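Overview (structure and organization)
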Amino acid sequence: KNSKEDGVKVIQAQDNESYSGSYIIPSTITVNMSNDPEVEDNRDFPVTKIVERAFQSAKNLTDVTIEANIEYIEYETFRYSGLKSIVLPSSVKSIALSAFADTPLTSINIPENVNTISNNAFGNCNQLQSVTFANVQALCNITFWNTNSNPLYYAKQLFFADAPTTPVTDLTIPGEVKTIKKYAF
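This write-up is about the structure you can find in this document.

Cut-offs applied
Residues numbered from 1 in each chain as written. Predicted model: local features only at pLDDT ≥ 70, side-chain atom pairs only at ≥ 80, totals over all residues. Heavy atoms only, no water. Helix = DSSP H or I, 4+ residues; strand = E, 2+ residues; numbered from the N terminus. Rg over C-alpha atoms; globule rule 2.2 N^0.38 Å. Buried < 20%, exposed > 50% of the residue type's maximum accessible area, 1.4 Å probe, protein only. Contact = heavy atoms within 4.5 Å. Pairing = 2+ DSSP bridges. Core = buried A, V, L, I, M, F, W, Y, C linked by side-chain atoms within 4.5 Å.

1. Examining the overall build of the protein chain
The number of helices and strands found in the protein chain is one helix and 15 strands. Taking 185 residues into account, the globule formula puts the C-alpha radius of gyration at 16 Å, and the protein chain, at 18 Å, falls close to it. The dimensions of the protein chain, computed from C-alpha atoms along their principal axes, are 65 × 35 × 30 Å. The burial tally for the protein chain puts 43% of its 185 residues in the buried class. Long-range pairs, those at least 24 residues apart, make up 41% of the contacts in the protein chain with a sequence separation of at least 6.

2. Considerations on the pairing of strand 13 (residues 130-133)
Here strand 13 shows a buried face lined by S130 and T132 and a second buried face lined by V131 and F133. Judged from the four bridges that link them, strand 11 (residues 107-110) and strand 13 form a sheet pairing that is parallel. The residue bridging S107 from the neighbouring strand is S130, located in strand 13. Pairing analysis gives four bridges linking strand 13 to strand 15 (residues 157-160), with the strands arranged parallel. Bridging from a neighbouring strand, T132 pairs with F159 of strand 15.

3. Structural notes on the sheet that holds strand 10 (residues 94-95)
In space, the five strands of this open sheet follow the order 6-8-10-12-14, with parallel pairing throughout. Edge positions in the sheet fall to strand 6 (49-50) and strand 14 (143-144), since each of these pairs with one other strand and no more. When strand 12 (residues 116-117) meets strand 14, the two strands line up parallel, connected through two bridges. Across the sheet, residue T116 finds its bridge partner in strand 14, namely T143.

4. Overview of the nonpolar core
I73, I86, I95, F100, I108, I110 and F122 are the most contacted members of the largest nonpolar core, which totals 47 residues. Counting residues per element, the ones that place at least two in this core are strand 4 (28-32), strand 7 (61-66), strand 11, strand 13, helix 1 (136-141) and strand 15. The contacts of I108, once residues within four sequence positions are left out, are I86, L88, F100, F122, L128, S130, V131 and T132.

Structure, rendered in structure tokens:
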């Protein structure tokens, strides 16, 4: 379902069962701003947000690539979906309550700009094999609301972007890290 709100295009799924396989969330969308279907007044708008529960229960959705501009992964965006793989852009700052909960997610890269991961964001992601963070400092700077918000609670392996194929077995906290936030480890 598409609607205009203050010149911004809001995209909401009418039927989450219609999503199947891979899906790309674009960085911009083109909207005809004219109220007259005979007149084209196309304008491009950045996509900065995916609405709450947009892909909730989309059981046939397996892979998602989110292009630039998205800053927030909202409440229960992918909960109960069939999501196994997702690519998050560096623009993401926050992952909301239960955003990926109860999915068969197997791996995720957490961008460096993420500063908050809310309660239960990865709850029951029991198939999660690996989590990649940009670096130790990025991991230590994230505010996790509880253990279920940190994907490391479920993941079997931790990676850092500078060595994406080498699992971390020993970890040294560098001197420039001044704070380790709650639930980071």
